[in-house]
Amino acid sequence: MTQPVPMVDVIRGDMVESRHAGHAVICDASGGIVRSWGDPDLAIYPRSSCKMIQALPLIESGAADAAGLGPRQLALSCASHNGAAIHTQPVTEWLSALGLGEDDLRCGPQEPADIPARDALIRAGDSPCQVHNNCSGKHSGFLTLNRHLGAGSEYHEPDHPVQRAVLEAFEAVTDETSPGYGIDGCSAPNFACSVHGLARAMARFAAARSGQGTREDAMVRLREAMVAHPELVAGEGRACTSLMRAMNGVAVKTGAEAVFVAILPDQGLGVAVKIVDGTTRGAETAVAAILSGLGVLDPQHPAARALLETPIASRRGIPAGRIQPTEALLTGWS
């Protein structure tokens with residue numbers, strides 16, 4: 001089957017009002033497909049779901065250790081954060097320790113998703129800056145690597161040594177030659193791969209063990225940093241944060257345009273989901289259903305229930321419907 005599979009239904013009353021279809025792959029450590037929906041070979045942009053791959057050269061090069069980075073900075077290097085103080089303060093301190101500042105970033109300014117942070121800017125008459133950008137942690141990682149390499153200031157350009165190192169790591173862990181790239185919202189190149197390739201990369205992160213080589217050590221450090229600091233990877237009210245808190249050692253990461261991945265170390269599995277209409281609610285419900293089916297997410301946990309049967313209400317609070325996974329995601333689990 002190469003057509004997208006209906007994965008999530010939006011029900012109002014007794015009628016399916018909207019339906020989100022997509023593609024998904026569960027991959028094992030050997031690179032084999034355990035289960036798939038739709039077209040595993042579909043080429044996609046992983047967007048921010050691949051930030052842990054983009055952070056591999058930061059550790060492999062020795063730049064992270066040379067800069068004294070700990071798990072909190074490594075979690076931020078994988079983050080699509082809300083721009084709350086818990087995110088912007090450590091990024092600012094990280095840059096300062098490098099002898100750099102907000103002007104050295106190339107991610108662009110972004111209004112923080114965190115409401116208190118946004119309101120504080122408005123009250124102060126200030127504008128959002130690049131540190132508020134949800135990718136400022138990733139870009140701080142790029143700057144750390146760039147300083148280590150002694151390369152030019154435009155680290156976001158596709159032919160820069162930083163991005164060439166990212167491409168090498170990306171193609172190695174996906175086990176694919178990337179067909180090209182698009183420019184992400186943070187101005188860095190986002191290299192394309194198949195859904196299977198993305199799941200394969202996540203399975204390699206899952207199977208990695210310390211002491212088995214520089215790349216595996218880097219994978220372990222990044223996934224463990226994400227699990228240890230889910231509040232830094234996204235923020236309060238975000239699916240990435242709530243799902244990681246609800247599970248034991250499983251790392252998850254969202255990406256724009258409805259991409260979602262998961263790293264399951266105990267099972268040695270990687271998951272990649274792409275909802276074709278780009279709707280985040282579809283990707284969040286789909287990945288929650290898959291994680292529940294794999295037995296790593298308790299469907300009765302409040303974080304799971306919020307995604308597996310999301311209530312829809314009127315503005316007066318009258319129950320109107322629900323968002324839920326389709327039978328394609330709920331059946332077939334052994």
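Here the structure is shown first, and the text comes after it.
The shown structure was predicted, so the numbers you read here are calculated from the model rather than taken from an experiment.

J.: Mind showing me how you'd approach the layout of surface pockets here?
T.: Over the atoms rolls a probe the size of a water molecule, and its path tells where empty space is left. Here the largest pocket defines a volume of roughly 440 Å³. Lining the largest pocket are 25 residues, with S80, Q110, N134, R238 and A256 sitting closest to its centre. Looking at the lining of the largest pocket, the elements that each hand over two or more residues are α12 (239-246), β8 (251-255) and α13 (280-293). Classifying every residue of the lining of the largest pocket gives eight nonpolar, 12 polar and five charged.

J.: What exactly am I supposed to notice about the pairing of strand β12 (residues 319-325) here?
T.: As a general feature of sheets, a regular strand has side chains that alternate between the two faces. Relative to β12, strand β1 (residues 5-12) runs antiparallel, the two being bridged by five bridges. Each residue of the ladder has a partner; that of V10, found in β12, is I323. Here strand β11 (residues 310-313) runs beside β12; their pairing, made up of four bridges, is antiparallel. Looking at the pairing, P311 lines up with R322 of β12. The hairpin formed by β11 and β12 contains five residues between the paired strands, and G317 there has a positive phi angle of roughly 85°.

J.: Explain the packing of helix α9 (residues 195-207) against helix α10 (residues 214-228) here, please?
T.: For any two helices packed against each other, one specifies the inter-axial angle together with the distance between the axes. Where α9 meets α10, the axes come as close as 8 Å, and the angle between the chain directions of the two elements is 90°. By the angle between their directions, the pair α9 and α10 is classed as roughly perpendicular. In this structure, α9 contributes R204, F205, A206 and A207 to the contact, and α10 contributes E216, M219, L222 and R223.

J.: Would you explain the pairing of strand β2 (residues 15-28) in this entry?
T.: With seven bridges connecting them, β1 and β2 associate as antiparallel partners. Counterpart to I11 in the pairing with β2 is V16. Two successive antiparallel strands, β1 and β2, enclose a turn made up of two residues, where G13 displays a positive phi of approximately 65°. In this sheet, strand β10 (residues 269-275) lies alongside β2 in antiparallel orientation, the contact comprising seven bridges. Within β10, the residue paired with H23 across the bridge is K274. Bridge analysis of β2 against strand β3 (residues 33-37) gives four bridges, and the strand direction is antiparallel. Residue C27 lies in a different strand from β3, and its bridge partner there is I33. Between β2 and β3, which pair antiparallel in sequence order, lie four residues; one of them, G31, sits at a positive phi of approximately 95°.

J.: What should I look at first to understand the packing of aromatic side chains in this one?
T.: Geometrically, a pair of aromatic rings is defined through the distance of the ring centres and the angle of the planes. Summed over the entire model, instances satisfying the criterion amount to four aromatic pairs. Here the aromatic rings of F142 and Y155 are separated by 6.0 Å at their centres, their planes lie at 55°, and the arrangement is tilted. With a gap of 13 residues between them, F142 in helix α7 (residues 136-149) and Y155 in the loop between α7 and α8 (161-174) connect regions that are remote in the sequence. Residue Y155 is classed as buried on the basis of its relative accessible area of 0%. Each ring, one from F170 and one from F191, has its centre 6.1 Å from the other, and the planes form 45°; the classification is tilted. With F170 in helix α8 and F191 in strand β6 (residues 189-191), the pair connects residues that are 21 residues apart, well separated along the chain. Judged on exposure class, the residue F170 and its partner F191 are both buried.

J.: I keep staring at helix α6 (residues 115-124) and nothing clicks. Help me out?
T.: An α-helix turns once per 3.6 residues; consequently, residues spaced three or four apart project the same way. Capping of α6 at its N-terminal end is provided by D114; its side-chain oxygen lies 2.9 Å from the backbone amide nitrogen of A117. Phi turns positive, to about 70°, at G125, one or two residues after α6.

J.: Looking at this structure, I do not really get empty space enclosed by the protein. What am I missing?
T.: For the structure shown, the criterion picks out one cavity of 30 Å³ or more. Reported here for the largest cavity is a volume of approximately 60 Å³. As for the largest cavity, its lining consists of K51, Q54, A55, P57, L58, S77, K138, G141, F142 and L145. Elements that contribute at least two residues to the lining of the largest cavity include exactly α1 (51-54), α2 (56-60) and α7. By residue number, the principal contributor to the lining of the largest cavity is α7, which donates four residues. Class assignment of the residues belonging to the lining of the largest cavity gives a composition of five nonpolar, three polar and two charged.

Criteria and thresholds
Throughout, a residue's number is its position along its own chain's written sequence, starting from 1. Where local features are concerned, this predicted model is filtered to residues with pLDDT of at least 70; where side-chain atom pairs are given and counted, the filter is 80 or more; whole-chain, interface and lining totals use all residues. Computation of side-chain values covers all heavy atoms of the structure but excludes hydrogens and water. Using only the protein atoms, space was sampled on a 1 Å grid; points where a 1.4 Å probe fits but cannot get out form cavities, open sets with protein on both sides within 12 Å along at least five of seven lines form pockets, and lining residues are those with an atom within 4 Å of a point. Grid points are joined across faces, edges and corners, and a volume is the space filled by probe spheres set on the points. Numbering of helices and strands runs from the N terminus; a helix is a DSSP stretch of H or I covering at least four residues, while a strand is a stretch of E covering at least two. Polar here means any residue other than Ala, Val, Leu, Ile, Met, Phe, Trp, Tyr, Cys and Pro, which are nonpolar, and Asp, Glu, Lys and Arg, which are charged; Gly is therefore polar. By the convention used here, strands pair only if DSSP detects at least 2 bridges between them. Helix axes are fitted only over the stretch in contact, all axes being lines through C-alpha atoms; the angle between N-to-C directions runs from 0 to 180 degrees. Here the word oblique covers every angle except those under 35 degrees (roughly parallel), over 145 (roughly antiparallel) and from 65 to 115 (roughly perpendicular). The contact rule is simple, with two residues in contact once any of their heavy atoms fall within 4.5 Å. When two rings of Phe, Tyr or Trp (its six-membered ring) have centres within 6.5 Å they constitute a pair, described as stacked for plane angles under 30 degrees, edge-to-face for angles over 60, and tilted for the intermediate range. Relative accessibility decides the category of a residue: with a 1.4 Å probe and only protein chains considered, values under 20% of the type maximum give buried, values over 50% give exposed, and everything between is partly exposed. Pairing of N or O atoms within 3.5 Å defines a polar contact, subject to two protein rules: one partner must be a possible hydrogen donor and the other a possible acceptor, and residues neighboring in sequence count only if both atoms are side-chain atoms.

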